[in-house]
Amino acid sequence: MTHIMIAGGGIAGLTTALSLHAAGFERITVVETVQDIRPVGAGLNIMPNAVRELDALGLLDQVEEHSVRTRELRYYHRSGALISCEPRGLGAGYHWPQLSVPRGGLQLVLADAVRTRLGRAALVGGVKVTGLDPLPDGRARVQLEHRDGARRGKASLEPDALIGADGIRSTVRAALNPGEGEPPWNGMLVWRGVSWMPAQQIGTFMFIAGDDRRKAVVYPMTMPTRNGGEVLVNWALAMPADSVDDATRGDWNRPVPVTKFLHHYEGWDFDGVSVPEVLKAADTAYEYPMVDREPLERWSHGRTTLVGDAAHAMYPIGSNGATQSIVDARALGHAMALHPDPAEAFAAYEAERRPAMTELQRANRQLGPEVVINLAHERAPRGFTDIDQVIPRSELDEIASRYAATGAFDPQSVNQGSPYGPAVRSRR
Ligand SMILES: Cc1cc2nc3c(=O)[nH]c(=O)nc-3n(C[C@H](O)[C@H](O)[C@H](O)COP(=O)(O)OP(=O)(O)OC[C@H]3O[C@@H](n4cnc5c(N)ncnc54)[C@H](O)[C@@H]3O)c2cc1C
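Residues numbered from 1 in each chain as written. Predicted model: local features only at pLDDT ≥ 70, side-chain atom pairs only at ≥ 80, totals over all residues.

Asks: Got a minute to help me understand the sheet that holds strand β1 (residues 3-7) in this structure?
Replies: Strand pairing in a sheet relies on backbone hydrogen bonds. The paired strands run either parallel or antiparallel. Here we have five strands laid out as an open sheet, ordered β8-β2-β1-β12-β21, and parallel in their pairing. Sheet topology places β8 (123-125) and β21 (304-306) at the edges, where each strand pairs with a single neighbour. Each strand axis lies, on average, 20° off the axis of its neighbour in the sheet, ignoring direction. (Pairing = 2+ DSSP bridges. Helix = DSSP H or I, 4+ residues; strand = E, 2+ residues; numbered from the N terminus. Axes fitted to C-alpha atoms, helices over the stretch in contact; angles between N-to-C directions.)

Asks: Can you help me understand unusual backbone geometry in this one?
Replies: Note: most residues except glycine have negative phi, and most peptide bonds are trans. Positive phi values are uncommon outside glycine, yet serine 319 reaches one of about 55°. Within the secondary structure, serine 319 is located in the loop between α8 (309-312) and α9 (321-338). Its 25 C-beta neighbours within 10 Å are what place serine 319 among the buried residues. A positive phi angle, close to 80°, is found at leucine 367, a residue other than glycine. Residue position: leucine 367 is located in the loop between α10 (342-365) and α11 (371-379). Overall, leucine 367 belongs to the partly exposed group, with 18 C-beta atoms counted inside 10 Å. (Buried ≥ 20, exposed ≤ 12 C-beta atoms within 10 Å, placed from the backbone.)

Asks: For this particular structure, what's the right way to read the domain arrangement of the protein?
Replies: Size of an interface: often given as the accessible area lost when the parts come together. Each domain of the protein was delimited in the assignment, giving domain 1 (3-182 + 300-366 + 408-414) and domain 2 (185-290). Here the C-alpha centroids of domain 1 and domain 2 sit 25 Å apart. On the side of domain 2, 21 residues touch domain 1, which itself brings 18 residues to the contact. The set of elements that each furnish at least two residues to the side of domain 1 that touches domain 2 consists of β3 (43-46), β5 (72-77) and β7 (99-102). The element contributing the most residues to the side of domain 1 that touches domain 2 is β5, with five residues. Split into classes, the residues belonging to the side of domain 1 that touches domain 2 amount to eight nonpolar, six polar and four charged. (Domains from an automatic or database assignment. Contact = placed C-beta atoms within 7 Å. Nonpolar A, V, L, I, M, F, W, Y, C, P; charged D, E, K, R; others polar.)

Asks: Any chance you could explain α10 here in plain terms?
Replies: Since one α-helical turn is 3.6 residues long, residues separated by three or four positions face the same way. Counted at 1.5 Å a residue, the expected span for α10 with its 24 residues is 34 Å, and the 33 Å between its end C-alpha atoms agrees. Pro342, Ala345, Phe346, Tyr349, Glu350, Arg353, Arg354, Met357, Leu360, Gln361, Ala363 and Asn364 are the residues of α10 that are buried. Contacts made by the buried residues of α10 are with β12 (161-164), β21, α8, α9 and α12 (393-406). Looking at the residues trailing α10, positive phi occurs at leucine 367, about 80°. (Expected span 1.5 Å × (residues − 1).)

Asks: How should I be thinking about the sheet that holds strand β14 (residues 206-210) in this particular structure?
Replies: Reading across from one edge, β6-β5-β14-β15-β16-β13-β20-β17 is the order of the eight strands in this open sheet, with mixed pairing throughout. Edge positions in the open sheet fall to β6 (82-87) and β17 (254-256), since each of these has one partner strand only. Taken over all neighbouring pairs, the strand axes of this sheet differ in orientation by 20° on average, direction set aside.

Asks: Would you mind showing me how to read the environment of serine 19 here?
Replies: You can see serine 19 is positioned in helix α1 (residues 11-22). The sequence separation of serine 19 and alanine 337 amounts to 318 residues, and the corresponding C-alpha distance is 9.9 Å. Apart from the residues within four sequence positions on either side, serine 19 is in contact with Leu57, Ala329, Arg330, Leu332 and Gly333.

Asks: I keep staring at the pairing of β7 and nothing clicks. Help me out?
Replies: Remember that side chains alternate between the two faces of the sheet whenever the strand is regular. Residues Leu99 and Val101 of β7 are buried on one face, and the alternating residues Ser100 and Pro102, pointing to the opposite face, are buried as well. Bridging between β3 and β7 involves four bridges; their strand directions are antiparallel. Pairing of isoleucine 46 across the sheet is with leucine 99, part of β7. Alignment of strand β4 (residues 68-69) against β7, held across two bridges, turns out to be antiparallel. Counted as the bridge partner of valine 68 is serine 100 from β7.

Asks: I'm lost on the site of the ligand in this one. Help?
Replies: Close to the ligand lie 33 residues; Gly8, Gly10, Gly167, Gly308 and Gly321 are nearest. Of all elements in the fold, only α1, β2 (27-32), β3, β9 (127-134), β13 (185-198), α8 and α9 reach the threshold of two or more residues within the shell around the ligand. No other element matches α9, which puts four residues into the shell around the ligand. Looking at the shell around the ligand residue by residue, the class counts come to 14 nonpolar, 14 polar and five charged. In terms of domain composition, the shell around the ligand takes at least three residues from each of domain 1 (3-182 + 300-366 + 408-414) and domain 2 (185-290). (Near = placed C-beta within 6 Å.)

Structure representation (structure tokens):
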């Protein structure tokens, strides 16, 4: 029976395990550095192309229990003037919704499904992949470090295939690309957090607002569930910084007080949603540098490949990082079902996914669809009364549809249904 090891139990790793299981594989081990997967982290928007794949895996109802449907995305000029208002998900003609979801909620649904479908032993916490040694037959010997008290120590395993789903600072990627170094920083700092807010103060839409220097993204991600009507709101802010200290560079989840940056957003109000009020309601903010990865020439080496951020970390623009990790997972499961040799399967998966993800990484470096904020600021720094005089509707539409075509997540492509359908052959 083919033994597949997955390094990393984030969204990419867990969805890959579920996709491989749906494709007929039974012997799958996910090793995850963190001992217990806990509901931590901020929010994510999952686009309809990935929601379709969660649906194909039979998980849509469970994920929807933790989410709200994103029905509208608004872009605002820093002055408060509306640049555009786009329907999202079903309202935009997709057969699947777009979902705003707390990251921990999505991760718990995926982890529970892995344990239920593949068995509890399939997800091993407290184990870090520390390195690889290539073997002559194309496999890799995987070096592991057990971090929990009872089994502390080193070990190694030689799975039939290895999938690196270990995020932007992937050990598997580093072993395949020695000398690549730290992810490059683009000079922006990001602060993100969550706040409980009365529903009437937050609206039901997602918005992205700002100018050529500062940006704010805000959206509700639960129904009014707390204190008789509060919703959990996700927010992320970006701003240039002269430098970033080593503590921030090395740690994505560095807690900092909201007061560190609140003053930069005084007076930011968008159709009644006050950014300072949202920030003041947060317990903690997390700071990290805006980093991505240089596109790779290849993801697969023999029987080892990469998925998710390990393969193609991109700037958090266009709600695509986790979304595309889910699509990677399904594409990989499908390729493994069609090709008995893992090396051939990995090559087929990479041929399908890498060109589009490279294009998306590059598009996000040019700000993707969010470029409309900069254009509006450049052309009308003090604001406007008629957006058509600043950015005509046809130009706005062109920017949105060009970006959607980059990753084939336009309604027409998505509504054709999952190309990765249930491809189960015999259990292997
Ligand atoms: C501010 C911000 C907003 C975002 N918003 C969105 C959004 O709205 N929509 C969207 O789709 N995406 C969004 N993203 C991107 C998204 O968070 C990532 O693309 C996604 O989490 C990648 O998932 P992953 O599983 O590949 O990596 P990760 O989530 O990083 O998971 C990697 C896992 O591997 C484990 N690990 C690491 N090293 C090892 C090792 N050596 N051995 C074993 N385990 C290891 C880690 O503990 C972790 O659990 C956003 C990102 C940011 C920063």
